[in-house]
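Observations on chain architecture
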Amino acid sequence: MVSDTDLGQRLSKAVLARRDDLIALTGDLIRIPTLNPPGENYREICDYLDRRLLKSGFDTRLIRAKDTPGDSEKYPRWNIVARREGTRSGDCVHFNSHIDVVDVGKGWTTDPFGGALIDGKIYGRGACDMKGGLAASIIAAEAFLQVCPDFAGAIEISGTGDEESGGFGGVAYLAEQGYFDPKRVQHVIIPEPLNKDRICLGHRGVWWAEIETHGEIAHGSMPFLGDCAVRHMGAVVREMEDSLFPALARKRTDMPVVPEGAKQSTLNINSIHGGQAEGEADFTGLPSPCVPDSCRMVIDRRFLIEEDIDEVQEEIRSLLEKVREGRENFSYDMREMHRVLPTMTEKSAPIVQTVAKAIAETFGREAEYVVSPGTYDQKHIDRIGRLKNCIAYGPGILDLAHKPDEYVGVDDMIQSAQVMGRSLISLLVQGDGAATNGE
Ligand SMILES: [Zn+2]
(Lines give C-alpha, C1' and ligand atoms only; values in the text may rest on other atoms or scores of the structure.)
Protein backbone atom coordinates (compact mmCIF):
# COMPACT_ATOMS: atom_id res chain seq x y z
CA MET A 1 0.00 0.00 0.00
CA VAL A 2 1.40 3.35 -1.04
CA SER A 3 0.98 6.09 1.55
CA ASP A 4 -0.74 9.37 0.70
CA THR A 5 2.41 11.47 1.00
CA ASP A 6 4.22 9.06 -1.32
CA LEU A 7 1.47 9.41 -3.88
CA GLY A 8 1.66 13.20 -3.69
CA GLN A 9 5.42 13.13 -4.09
CA ARG A 10 5.24 10.71 -7.02
CA LEU A 11 2.67 12.96 -8.66
CA SER A 12 4.88 16.02 -8.18
CA LYS A 13 7.80 14.16 -9.76
CA ALA A 14 5.66 12.97 -12.66
CA VAL A 15 4.65 16.60 -13.36
CA LEU A 16 8.26 17.75 -13.16
CA ALA A 17 9.30 15.04 -15.63
CA ARG A 18 6.87 16.57 -18.13
CA ARG A 19 8.50 20.00 -18.11
CA ASP A 20 9.54 19.92 -21.79
CA ASP A 21 6.15 18.58 -22.79
CA LEU A 22 4.44 21.37 -20.84
CA ILE A 23 6.56 24.02 -22.58
CA ALA A 24 5.87 22.51 -26.01
CA LEU A 25 2.13 22.18 -25.33
CA THR A 26 1.81 25.79 -24.11
CA GLY A 27 3.75 27.06 -27.13
CA ASP A 28 1.57 25.04 -29.52
CA LEU A 29 -1.61 26.47 -27.97
CA ILE A 30 -0.28 30.05 -28.20
CA ARG A 31 0.68 29.50 -31.86
CA ILE A 32 -2.97 28.88 -32.75
CA PRO A 33 -4.30 32.47 -32.81
CA THR A 34 -7.77 32.24 -31.32
CA LEU A 35 -8.60 35.93 -31.38
CA ASN A 36 -11.97 36.97 -30.06
CA PRO A 37 -13.53 38.93 -31.57
CA PRO A 38 -14.16 37.59 -34.12
CA GLY A 39 -13.56 34.05 -32.78
CA GLU A 40 -10.80 32.71 -35.01
CA ASN A 41 -9.46 29.15 -35.19
CA TYR A 42 -11.72 27.67 -32.51
CA ARG A 43 -12.01 24.51 -34.60
CA GLU A 44 -8.25 24.30 -35.09
CA ILE A 45 -7.48 24.51 -31.38
CA CYS A 46 -10.27 22.03 -30.55
CA ASP A 47 -8.83 19.61 -33.14
CA TYR A 48 -5.41 20.01 -31.56
CA LEU A 49 -6.79 19.32 -28.07
CA ASP A 50 -8.82 16.44 -29.47
CA ARG A 51 -5.70 14.68 -30.80
CA ARG A 52 -3.81 15.30 -27.56
CA LEU A 53 -6.54 14.09 -25.22
CA LEU A 54 -7.54 11.07 -27.31
CA LYS A 55 -3.93 9.94 -27.03
CA SER A 56 -4.20 10.26 -23.24
CA GLY A 57 -7.23 7.99 -23.15
CA PHE A 58 -10.02 10.57 -22.99
CA ASP A 59 -13.32 10.30 -24.83
CA THR A 60 -13.80 13.60 -26.61
CA ARG A 61 -16.67 15.56 -28.01
CA LEU A 62 -16.52 18.61 -30.21
CA ILE A 63 -19.58 20.76 -29.71
CA ARG A 64 -20.56 23.72 -31.82
CA ALA A 65 -22.64 26.36 -30.03
CA LYS A 66 -24.93 26.88 -33.00
CA ASP A 67 -26.67 30.24 -33.29
CA THR A 68 -25.09 31.77 -30.20
CA PRO A 69 -23.83 35.38 -30.53
CA GLY A 70 -21.05 35.51 -33.13
CA ASP A 71 -21.59 31.97 -34.44
CA SER A 72 -21.39 31.84 -38.24
CA GLU A 73 -20.05 29.58 -40.97
CA LYS A 74 -16.96 31.78 -41.05
CA TYR A 75 -16.51 31.86 -37.26
CA PRO A 76 -18.20 28.76 -35.83
CA ARG A 77 -18.25 28.58 -32.02
CA TRP A 78 -16.51 25.22 -31.36
CA ASN A 79 -15.89 23.79 -27.91
CA ILE A 80 -14.36 20.54 -26.72
CA VAL A 81 -15.29 18.38 -23.74
CA ALA A 82 -13.04 15.42 -22.95
CA ARG A 83 -13.82 12.79 -20.31
CA ARG A 84 -11.78 9.97 -18.89
CA GLU A 85 -13.66 7.45 -16.75
CA GLY A 86 -12.08 5.87 -13.71
CA THR A 87 -12.22 2.20 -12.82
CA ARG A 88 -15.12 2.62 -10.40
CA SER A 89 -17.84 5.11 -9.59
CA GLY A 90 -17.09 8.39 -7.85
CA ASP A 91 -16.99 12.15 -8.33
CA CYS A 92 -16.16 13.91 -11.56
CA VAL A 93 -13.54 16.69 -11.47
CA HIS A 94 -13.80 19.12 -14.37
CA PHE A 95 -11.10 21.56 -15.55
CA ASN A 96 -12.57 24.31 -17.71
CA SER A 97 -10.38 26.68 -19.72
CA HIS A 98 -11.35 29.24 -22.29
CA ILE A 99 -9.56 28.90 -25.61
CA ASP A 100 -10.13 32.45 -26.85
CA VAL A 101 -7.71 35.36 -26.44
CA VAL A 102 -8.19 39.11 -26.70
CA ASP A 103 -6.78 41.47 -29.30
CA VAL A 104 -2.99 41.80 -29.37
CA GLY A 105 -2.77 45.61 -29.05
CA LYS A 106 0.40 47.64 -29.40
CA GLY A 107 3.72 47.56 -27.55
CA TRP A 108 4.92 43.98 -28.03
CA THR A 109 8.64 43.24 -28.15
CA THR A 110 8.04 39.51 -28.81
CA ASP A 111 5.87 37.73 -31.39
CA PRO A 112 2.39 37.57 -29.78
CA PHE A 113 1.74 34.23 -31.51
CA GLY A 114 5.28 32.89 -31.29
CA GLY A 115 5.17 31.17 -27.90
CA ALA A 116 8.87 31.90 -27.35
CA LEU A 117 10.58 30.58 -24.23
CA ILE A 118 12.87 33.25 -22.75
CA ASP A 119 14.43 32.92 -19.29
CA GLY A 120 11.86 30.45 -18.00
CA LYS A 121 8.86 32.41 -19.30
CA ILE A 122 6.66 31.63 -22.28
CA TYR A 123 5.51 34.73 -24.16
CA GLY A 124 2.41 35.29 -26.24
CA ARG A 125 -1.16 36.49 -26.28
CA GLY A 126 -3.07 34.14 -24.01
CA ALA A 127 0.10 32.80 -22.32
CA CYS A 128 -1.28 33.54 -18.86
CA ASP A 129 -4.93 34.16 -19.84
CA MET A 130 -5.25 31.26 -20.12
CA LYS A 131 -3.46 28.81 -22.38
CA GLY A 132 -0.83 28.28 -19.67
CA GLY A 133 -3.60 27.23 -17.28
CA LEU A 134 -5.11 24.91 -19.88
CA ALA A 135 -1.73 23.28 -20.53
CA ALA A 136 -1.07 22.91 -16.78
CA SER A 137 -4.42 21.16 -16.27
CA ILE A 138 -3.71 18.71 -19.13
CA ILE A 139 -0.24 17.91 -17.76
CA ALA A 140 -1.72 17.51 -14.25
CA ALA A 141 -4.32 15.05 -15.54
CA GLU A 142 -1.79 13.07 -17.58
CA ALA A 143 0.64 12.85 -14.66
CA PHE A 144 -2.22 11.77 -12.39
CA LEU A 145 -3.27 9.04 -14.85
CA GLN A 146 0.26 7.67 -14.84
CA VAL A 147 0.61 7.67 -11.04
CA CYS A 148 -2.96 6.62 -10.22
CA PRO A 149 -4.36 4.52 -13.09
CA ASP A 150 -6.85 2.98 -10.67
CA PHE A 151 -9.09 5.86 -9.64
CA ALA A 152 -12.74 6.48 -8.85
CA GLY A 153 -15.05 8.78 -10.79
CA ALA A 154 -13.94 10.73 -13.82
CA ILE A 155 -11.79 13.60 -15.04
CA GLU A 156 -13.06 16.09 -17.56
CA ILE A 157 -11.15 18.76 -19.45
CA SER A 158 -12.97 21.32 -21.52
CA GLY A 159 -11.76 24.04 -23.87
CA THR A 160 -14.47 26.60 -24.44
CA GLY A 161 -14.87 29.70 -26.56
CA ASP A 162 -16.03 33.23 -26.08
CA GLU A 163 -15.18 33.74 -22.39
CA GLU A 164 -13.75 37.13 -23.26
CA SER A 165 -17.06 38.16 -24.83
CA GLY A 166 -19.45 36.79 -22.21
CA GLY A 167 -19.17 33.04 -22.63
CA PHE A 168 -22.49 32.54 -24.42
CA GLY A 169 -20.98 30.39 -27.17
CA GLY A 170 -18.86 28.54 -24.62
CA VAL A 171 -19.59 27.63 -21.01
CA ALA A 172 -23.10 29.12 -21.02
CA TYR A 173 -24.03 26.94 -23.99
CA LEU A 174 -22.52 23.81 -22.44
CA ALA A 175 -24.28 24.55 -19.15
CA GLU A 176 -27.59 24.84 -21.01
CA GLN A 177 -26.90 21.45 -22.60
CA GLY A 178 -26.45 19.94 -19.13
CA TYR A 179 -22.67 19.54 -19.15
CA PHE A 180 -22.42 21.23 -15.74
CA ASP A 181 -25.33 19.41 -14.17
CA PRO A 182 -24.27 18.54 -10.59
CA LYS A 183 -25.38 14.96 -11.29
CA ARG A 184 -22.70 14.76 -13.97
CA VAL A 185 -19.91 16.98 -12.63
CA GLN A 186 -19.21 17.55 -8.92
CA HIS A 187 -16.08 19.73 -8.82
CA VAL A 188 -14.94 22.46 -11.21
CA ILE A 189 -11.56 24.20 -11.40
CA ILE A 190 -11.18 27.07 -13.87
CA PRO A 191 -7.42 27.61 -14.36
CA GLU A 192 -7.62 31.39 -14.84
CA PRO A 193 -4.41 33.27 -13.93
CA LEU A 194 -5.04 34.07 -10.27
CA ASN A 195 -1.53 33.12 -9.06
CA LYS A 196 -0.36 29.65 -8.10
CA ASP A 197 -1.00 29.96 -4.35
CA ARG A 198 -4.39 31.70 -4.42
CA ILE A 199 -7.90 30.30 -4.67
CA CYS A 200 -10.44 32.53 -6.36
CA LEU A 201 -13.88 31.95 -4.86
CA GLY A 202 -15.93 34.04 -7.27
CA HIS A 203 -16.46 37.51 -8.64
CA ARG A 204 -18.37 40.77 -8.22
CA GLY A 205 -21.56 41.48 -10.15
CA VAL A 206 -21.87 43.55 -13.31
CA TRP A 207 -24.58 45.93 -14.41
CA TRP A 208 -24.15 47.71 -17.74
CA ALA A 209 -26.62 50.37 -18.79
CA GLU A 210 -27.02 53.10 -21.34
CA ILE A 211 -28.32 56.51 -20.31
CA GLU A 212 -29.53 58.90 -22.97
CA THR A 213 -30.28 62.58 -22.43
CA HIS A 214 -32.46 64.39 -24.94
CA GLY A 215 -32.21 67.90 -26.42
CA GLU A 216 -33.34 69.80 -29.46
CA ILE A 217 -31.34 70.41 -32.61
CA ALA A 218 -30.77 74.04 -33.72
CA HIS A 219 -28.12 76.11 -35.49
CA GLY A 220 -24.88 76.17 -33.50
CA SER A 221 -24.68 79.94 -33.79
CA MET A 222 -27.95 80.25 -31.86
CA PRO A 223 -27.74 77.51 -29.24
CA PHE A 224 -30.47 79.27 -27.22
CA LEU A 225 -32.94 78.18 -29.92
CA GLY A 226 -32.17 74.55 -29.22
CA ASP A 227 -31.45 72.44 -26.17
CA CYS A 228 -28.02 70.87 -25.71
CA ALA A 229 -28.21 67.19 -24.74
CA VAL A 230 -24.47 67.18 -23.89
CA ARG A 231 -24.98 69.88 -21.23
CA HIS A 232 -27.75 67.76 -19.74
CA MET A 233 -25.34 64.83 -19.64
CA GLY A 234 -22.79 67.13 -18.03
CA ALA A 235 -25.25 67.65 -15.19
CA VAL A 236 -25.51 63.87 -14.82
CA VAL A 237 -21.71 63.55 -14.60
CA ARG A 238 -21.58 66.37 -12.01
CA GLU A 239 -24.18 64.63 -9.88
CA MET A 240 -22.19 61.41 -10.14
CA GLU A 241 -19.06 63.24 -8.97
CA ASP A 242 -20.91 64.98 -6.13
CA SER A 243 -22.97 62.14 -4.74
CA LEU A 244 -22.59 58.80 -6.50
CA PHE A 245 -18.83 58.18 -6.47
CA PRO A 246 -18.49 59.08 -2.76
CA ALA A 247 -21.46 56.82 -1.98
CA LEU A 248 -19.95 53.93 -3.92
CA ALA A 249 -16.64 54.36 -2.11
CA ARG A 250 -18.49 53.90 1.20
CA LYS A 251 -19.93 50.53 0.14
CA ARG A 252 -17.32 48.05 1.30
CA THR A 253 -17.52 44.30 0.92
CA ASP A 254 -16.58 41.33 3.04
CA MET A 255 -15.69 39.48 -0.18
CA PRO A 256 -11.88 39.13 -0.34
CA VAL A 257 -11.69 41.03 -3.64
CA VAL A 258 -8.27 41.84 -5.09
CA PRO A 259 -6.84 44.33 -5.77
CA GLU A 260 -7.69 46.41 -2.70
CA GLY A 261 -9.30 49.19 -4.78
CA ALA A 262 -11.97 46.75 -5.94
CA LYS A 263 -13.13 45.93 -2.37
CA GLN A 264 -15.93 48.45 -2.87
CA SER A 265 -18.63 49.22 -5.41
CA THR A 266 -17.24 50.83 -8.54
CA LEU A 267 -18.58 52.53 -11.62
CA ASN A 268 -16.76 53.17 -14.85
CA ILE A 269 -18.09 55.64 -17.41
CA ASN A 270 -17.33 53.46 -20.39
CA SER A 271 -18.18 56.04 -23.05
CA ILE A 272 -20.04 59.27 -23.70
CA HIS A 273 -21.16 60.30 -27.08
CA GLY A 274 -23.19 63.37 -28.00
CA GLY A 275 -23.81 65.27 -31.19
CA GLN A 276 -22.60 64.40 -34.62
CA ALA A 277 -20.75 61.17 -35.25
CA GLU A 278 -17.01 61.60 -35.65
CA GLY A 279 -15.89 61.67 -39.28
CA GLU A 280 -14.00 58.80 -40.89
CA ALA A 281 -10.24 58.89 -40.28
CA ASP A 282 -9.58 60.22 -43.80
CA PHE A 283 -12.34 62.86 -43.71
CA THR A 284 -10.77 66.32 -43.78
CA GLY A 285 -13.89 68.53 -43.65
CA LEU A 286 -15.37 70.40 -40.68
CA PRO A 287 -18.47 69.37 -38.74
CA SER A 288 -21.66 71.33 -39.37
CA PRO A 289 -22.80 73.70 -36.59
CA CYS A 290 -25.57 71.93 -34.73
CA VAL A 291 -26.83 71.73 -31.16
CA PRO A 292 -26.74 68.04 -30.14
CA ASP A 293 -30.19 66.59 -29.56
CA SER A 294 -28.95 63.35 -28.05
CA CYS A 295 -26.16 62.27 -25.72
CA ARG A 296 -25.54 58.68 -24.67
CA MET A 297 -23.45 57.36 -21.84
CA VAL A 298 -22.57 53.71 -21.19
CA ILE A 299 -21.92 52.86 -17.57
CA ASP A 300 -20.21 49.77 -16.20
CA ARG A 301 -21.24 49.27 -12.60
CA ARG A 302 -19.56 46.52 -10.58
CA PHE A 303 -21.44 45.51 -7.48
CA LEU A 304 -20.96 43.48 -4.35
CA ILE A 305 -22.53 40.32 -3.04
CA GLU A 306 -24.02 42.48 -0.26
CA GLU A 307 -25.87 44.62 -2.85
CA ASP A 308 -29.12 43.82 -4.60
CA ILE A 309 -29.27 44.36 -8.38
CA ASP A 310 -32.60 46.19 -8.03
CA GLU A 311 -30.99 48.65 -5.60
CA VAL A 312 -28.09 49.14 -8.00
CA GLN A 313 -30.51 50.14 -10.76
CA GLU A 314 -32.62 52.23 -8.41
CA GLU A 315 -29.56 54.18 -7.30
CA ILE A 316 -28.95 55.38 -10.89
CA ARG A 317 -32.64 55.96 -11.50
CA SER A 318 -32.96 58.17 -8.42
CA LEU A 319 -29.81 60.10 -9.38
CA LEU A 320 -31.38 60.85 -12.77
CA GLU A 321 -34.65 61.86 -11.09
CA LYS A 322 -32.75 64.20 -8.80
CA VAL A 323 -31.12 65.88 -11.82
CA ARG A 324 -34.53 66.12 -13.50
CA GLU A 325 -36.07 67.87 -10.51
CA GLY A 326 -33.33 70.49 -10.44
CA ARG A 327 -33.03 71.11 -14.16
CA GLU A 328 -35.40 72.55 -16.74
CA ASN A 329 -36.21 70.44 -19.84
CA PHE A 330 -34.21 67.51 -18.58
CA SER A 331 -35.44 64.18 -19.92
CA TYR A 332 -33.72 60.87 -20.19
CA ASP A 333 -34.01 57.18 -21.02
CA MET A 334 -32.21 54.37 -19.29
CA ARG A 335 -31.71 50.94 -20.79
CA GLU A 336 -30.09 47.89 -19.25
CA MET A 337 -27.51 46.28 -21.54
CA HIS A 338 -26.11 43.42 -19.53
CA ARG A 339 -26.22 41.96 -16.05
CA VAL A 340 -24.29 39.31 -14.14
CA LEU A 341 -25.00 38.56 -10.51
CA PRO A 342 -22.08 38.19 -8.09
CA THR A 343 -21.06 34.68 -7.15
CA MET A 344 -18.91 33.31 -4.35
CA THR A 345 -18.26 29.70 -3.40
CA GLU A 346 -18.21 28.95 0.34
CA LYS A 347 -14.78 28.33 1.84
CA SER A 348 -16.15 25.12 3.28
CA ALA A 349 -16.92 23.74 -0.20
CA PRO A 350 -15.05 20.50 -0.98
CA ILE A 351 -13.16 21.87 -3.98
CA VAL A 352 -11.93 24.84 -1.93
CA GLN A 353 -10.81 22.60 0.94
CA THR A 354 -9.12 20.16 -1.42
CA VAL A 355 -7.15 22.73 -3.41
CA ALA A 356 -6.22 24.60 -0.20
CA LYS A 357 -4.74 21.37 1.17
CA ALA A 358 -2.84 20.76 -2.08
CA ILE A 359 -1.46 24.32 -2.01
CA ALA A 360 -0.30 23.85 1.58
CA GLU A 361 1.42 20.56 0.64
CA THR A 362 3.08 22.05 -2.44
CA PHE A 363 4.23 25.40 -1.07
CA GLY A 364 4.41 24.74 2.67
CA ARG A 365 2.14 27.71 3.40
CA GLU A 366 -1.55 28.44 3.60
CA ALA A 367 -3.55 29.31 0.49
CA GLU A 368 -4.81 32.85 0.07
CA TYR A 369 -8.49 33.35 -0.78
CA VAL A 370 -9.46 35.99 -3.29
CA VAL A 371 -12.43 37.20 -5.31
CA SER A 372 -12.02 38.57 -8.82
CA PRO A 373 -12.96 42.19 -9.56
CA GLY A 374 -14.29 41.17 -12.99
CA THR A 375 -16.38 38.19 -14.00
CA TYR A 376 -15.42 34.95 -15.71
CA ASP A 377 -17.21 31.75 -16.68
CA GLN A 378 -18.00 30.70 -13.10
CA LYS A 379 -21.20 32.75 -13.41
CA HIS A 380 -22.64 30.31 -15.99
CA ILE A 381 -21.60 27.23 -14.03
CA ASP A 382 -23.31 28.69 -10.95
CA ARG A 383 -26.44 30.23 -12.53
CA ILE A 384 -27.19 27.92 -15.44
CA GLY A 385 -25.44 24.75 -14.32
CA ARG A 386 -26.56 25.17 -10.66
CA LEU A 387 -23.15 23.88 -9.65
CA LYS A 388 -21.75 25.76 -6.65
CA ASN A 389 -18.63 23.71 -6.04
CA CYS A 390 -16.46 25.74 -8.41
CA ILE A 391 -13.32 27.89 -8.11
CA ALA A 392 -10.75 29.58 -10.30
CA TYR A 393 -7.24 28.35 -9.67
CA GLY A 394 -4.33 28.54 -12.07
CA PRO A 395 -0.83 29.78 -12.90
CA GLY A 396 0.03 33.27 -14.08
CA ILE A 397 -0.23 36.82 -12.85
CA LEU A 398 -3.63 38.39 -13.43
CA ASP A 399 -2.13 41.85 -14.00
CA LEU A 400 -0.38 40.58 -17.16
CA ALA A 401 -3.63 39.48 -18.79
CA HIS A 402 -4.58 41.43 -21.92
CA LYS A 403 -1.25 43.38 -21.82
CA PRO A 404 1.66 43.51 -24.28
CA ASP A 405 4.42 40.92 -23.70
CA GLU A 406 2.02 38.72 -21.76
CA TYR A 407 3.84 35.67 -20.36
CA VAL A 408 3.49 32.73 -18.05
CA GLY A 409 6.32 31.34 -15.92
CA VAL A 410 7.20 27.69 -16.53
CA ASP A 411 7.87 27.06 -12.82
CA ASP A 412 4.50 28.57 -11.94
CA MET A 413 2.81 26.23 -14.40
CA ILE A 414 4.70 23.23 -12.98
CA GLN A 415 3.70 24.07 -9.41
CA SER A 416 0.09 24.76 -10.38
CA ALA A 417 -0.05 21.44 -12.22
CA GLN A 418 1.31 19.77 -9.05
CA VAL A 419 -1.49 21.39 -7.01
CA MET A 420 -4.09 20.27 -9.57
CA GLY A 421 -2.69 16.73 -9.65
CA ARG A 422 -2.62 16.48 -5.86
CA SER A 423 -6.22 17.71 -5.81
CA LEU A 424 -7.14 14.84 -8.16
CA ILE A 425 -5.50 12.40 -5.74
CA SER A 426 -7.56 13.81 -2.84
CA LEU A 427 -10.83 13.72 -4.74
CA LEU A 428 -10.53 10.60 -6.89
CA VAL A 429 -8.23 8.31 -4.91
CA GLN A 430 -8.76 9.32 -1.28
CA GLY A 431 -12.39 10.30 -1.78
CA ASP A 432 -12.20 13.60 0.14
CA GLY A 433 -15.02 15.30 -1.74
CA ALA A 434 -17.42 12.39 -2.04
CA ALA A 435 -20.06 14.09 0.11
CA THR A 436 -21.02 16.36 -2.76
CA ASN A 437 -22.09 13.63 -5.14
CA GLY A 438 -25.56 14.33 -6.49
CA GLU A 439 -26.09 17.49 -4.47
ZN1 LIG B 1 -9.32 34.53 -18.88
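Before reading on, note that the structure itself is shown above.
Residues numbered from 1 in each chain as written. Predicted model: local features only at pLDDT ≥ 70, side-chain atom pairs only at ≥ 80, totals over all residues. Heavy atoms only, no water.

Looking now at the pattern of salt bridges. Inspection of the entire model under this criterion finds 30 salt bridges. Arginine 339 is paired through a salt bridge with glutamate 336; the nearest N and O atoms lie 3.0 Å apart. A relative accessible area of 39% places arginine 339 in the partly exposed class. Judged by relative accessible area, glutamate 336 falls into the partly exposed class, the value being 33%. Between arginine 422 and glutamate 361 there is a salt bridge; the shortest N-O distance is 3.0 Å. Placement of arginine 422 in helix H10 (residues 410–428) and of glutamate 361 in helix H8 (residues 350–363) is noted, with a sequence separation of 61 residues between them. (Salt bridge = Lys/Arg side-chain N within 4 Å of Asp/Glu carboxyl O. Buried < 20%, exposed > 50% of the residue type's maximum accessible area, 1.4 Å probe, protein only. Helix = DSSP H or I, 4+ residues; strand = E, 2+ residues; numbered from the N terminus.)

Following asparagine 36, the chain continues to proline 37 via a peptide bond in cis, the omega torsion being -5°. Assignment of secondary structure puts proline 37 in the loop between helix H2 (19–30) and helix H3 (42–55). The amide bond that connects aspartate 129 to the next residue, methionine 130, takes the cis arrangement and shows omega of -5°. Tracing the backbone shows methionine 130 in helix H4 (residues 127–147). For aspartate 162, which is not a glycine, the phi torsion comes out positive at approximately 70°. As for its placement among the helices and strands, aspartate 162 is situated in the loop between strand E6 (152–160) and helix H5 (171–176). A positive phi angle, close to 60°, is found at asparagine 329, a residue other than glycine. With a relative accessible area of 56%, asparagine 329 lands in the exposed category.

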